Amino acid sequence: MDLTAAVDVIRAPLGEILPRVSAALSEAIAHRAVAELSGNCPHSPFKTHGDPPGGPGTAITTAEMAALAPMARAEGTWQGRAWLAGTEVPVLAVYSDATARGALLVLVRTEETRVPAEALAAARALWDLVTAHGDRMAAEAVPGVLGQSRAAAAARAAALAELVDAHGAALSALLGVLRGRDLDDRTARARAVDLAVGALAELRARTDRDQALVEEPAGDAFARLAESLRPELRGLSVRLDLGPPGTEEGADRLLAADVANTARAVVRAVVHAMLNEQGPGQDGAPRPVRRVHIGWKVGEGELRATVRDDGPGVLRRTALDARRVGERLAVLGGRLDVDAVPEWGTTVTATVPLGPPQPAREDPLDVLGARELEVLEQLARGRRNRQIAQELHISESTVKFHVANILEKLGVTSRGEAAALAHTWGATGS
């Protein structure tokens, strides 16, 4: 493997990185499938590529991957036979500690021979590079990466399906024990308890692994922000005041990694803009920024990050747009407010929703014409056909025709259901 192959890997779109890693390693290390367990993509920490060891209908699980992590972590690589997708196969596990959370790459090999040391070193170097690159992209909250990360929610659904399968297997085993006639009651109960305890322990372990990869407490996320800013301000005559989230501000609330990464990247960009956008005071003399205050507060549905300085109050939105602050927030449905007061400083507030943006609801009344909306409004007021005809100056048979069309277009079967929709979507004129 040469540097050209490494460049090809890290330049790939997010969803193509794992297949390109597999292709780059295929000549030196023959394999038929590859799997990744890392925190670089918050909504898809577990990915696979290639043919599953157990054949069609089988899948490698996060539990199987997690079992290999300690062995690979010790020396950086581990090779031997392991259970993947319910089948014992030869594997090579490569662990990267290039990031705080670490990342595991597992190759399902096509042969039993030992991988040479030179090939192991190349595989580990490539995986370190890919891991560090992915972590940097996530930490900088690059808008394109954020969008792809949110789009990877389908992978999270697959993880949930895996849990459902595990629950189903555990329940089936329990039912098999309880229904069996070859065990006495005492032995059956003891075996059922053992199965239940084991299933609960595995559920907790899977949940803990998932949270460790894709979530972090707000207090820890803020501490990482402060740690990254201190070296950048060292040597400058700027005092950094920190308002970390306390218990009341949601310090213990778990933040999705893309939310935490975006908030950190936005705050860093705002601080840099404040230090660069210094200007003169009213007397014409330079008025540098001497103090920057950063505070976080986590509410029910959003994280609010506030950055305030004591500079000349000349910072403009365009300076932040040049640093892609608004673009980063827009990907997650966030918003940005800038309040610059000459001689008093600037306050920038970034608000990041804690969950994916909610799609706008489609108004079901859009299918109705103008006259049908008028009839529906009268109908929602409880008026009968004769009253509607008199109010709208049309015949009663015309009212009946419109009512029938309204019910059909709205997909309802009664006037009451149509009236309920009218009240919900504001067609009553009140």
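Shown above is the structure to which this text applies.
Cut-offs used in this document
Residues numbered from 1 in each chain as written. Predicted model: local features only at pLDDT ≥ 70, side-chain atom pairs only at ≥ 80, totals over all residues. Heavy atoms only, no water. Axes fitted to C-alpha atoms, helices over the stretch in contact; angles between N-to-C directions. Helix = DSSP H or I, 4+ residues; strand = E, 2+ residues; numbered from the N terminus. Parallel < 35°, antiparallel > 145°, perpendicular 65-115°, else oblique. Contact = heavy atoms within 4.5 Å. Nonpolar A, V, L, I, M, F, W, Y, C, P; charged D, E, K, R; others polar. Salt bridge = Lys/Arg side-chain N within 4 Å of Asp/Glu carboxyl O. Buried < 20%, exposed > 50% of the residue type's maximum accessible area, 1.4 Å probe, protein only. Pairing = 2+ DSSP bridges.

## Quick notes on the packing of helix α12 (residues 370–380) against helix α14 (residues 396–410)
One way to put it is that α12 packs onto α14 with a least axis distance of 10 Å and a crossing angle of 95°. Between α12 and α14, the crossing angle belongs to the class labelled roughly perpendicular. Of the residues in α14, those in contact with Arg-371, Glu-372, Val-375, Leu-376 and Leu-379 of α12 are His-402, Val-403, Asn-405, Ile-406 and Lys-409. Of the residues in the contact of α12 with α14, the class split is 5 nonpolar, 2 polar and 3 charged.

## As for the pattern of salt bridges
This structure, assessed with the given rule, holds 15 salt bridges. Between Glu-377 and Arg-381 there is a salt bridge, with the nearest N and O atoms lying 3.1 Å from each other. Residue classification places Glu-377 among the partly exposed positions, given a relative accessible area of 24%. Glu-396 is paired through a salt bridge with Arg-386; the nearest N and O atoms lie 4.0 Å apart. Residue Glu-396 is found in helix α14, and its partner Arg-386 is found in helix α13 (residues 385–392); the two are separated by 10 residues along the sequence. Connected via shared salt-bridge partners are Glu-216, Arg-224 and Arg-264.

## Considering the sheet that holds strand β4 (residues 87–96)
The strands making up a sheet associate through backbone hydrogen bonding, with each pair oriented either parallel or antiparallel. Read across the open sheet, the 5 strands follow the order β2-β1-β5-β4-β3; overall the sheet is antiparallel. What marks the edges here is a single partner per strand, and that holds for β2 (46–50) and β3 (77–84). On average, adjacent strands in this sheet sit at an angle of 25° to one another, irrespective of strand direction. Both strand β1 (residues 31–38) and strand β5 (residues 103–109) contribute to a ladder of 7 bridges, which runs antiparallel. Each residue of the ladder has a partner; that of Val-34, found in β5, is Leu-107. Against the sheet, helix α2 (residues 17–26) contacts β1, β2 and β5, and its axis sits at roughly 135° relative to β1. In this fold helix α3 (residues 62–75) packs onto β1, β2, β3, β4 and β5, with an angle of close to 160° to the strand it touches most, β3.

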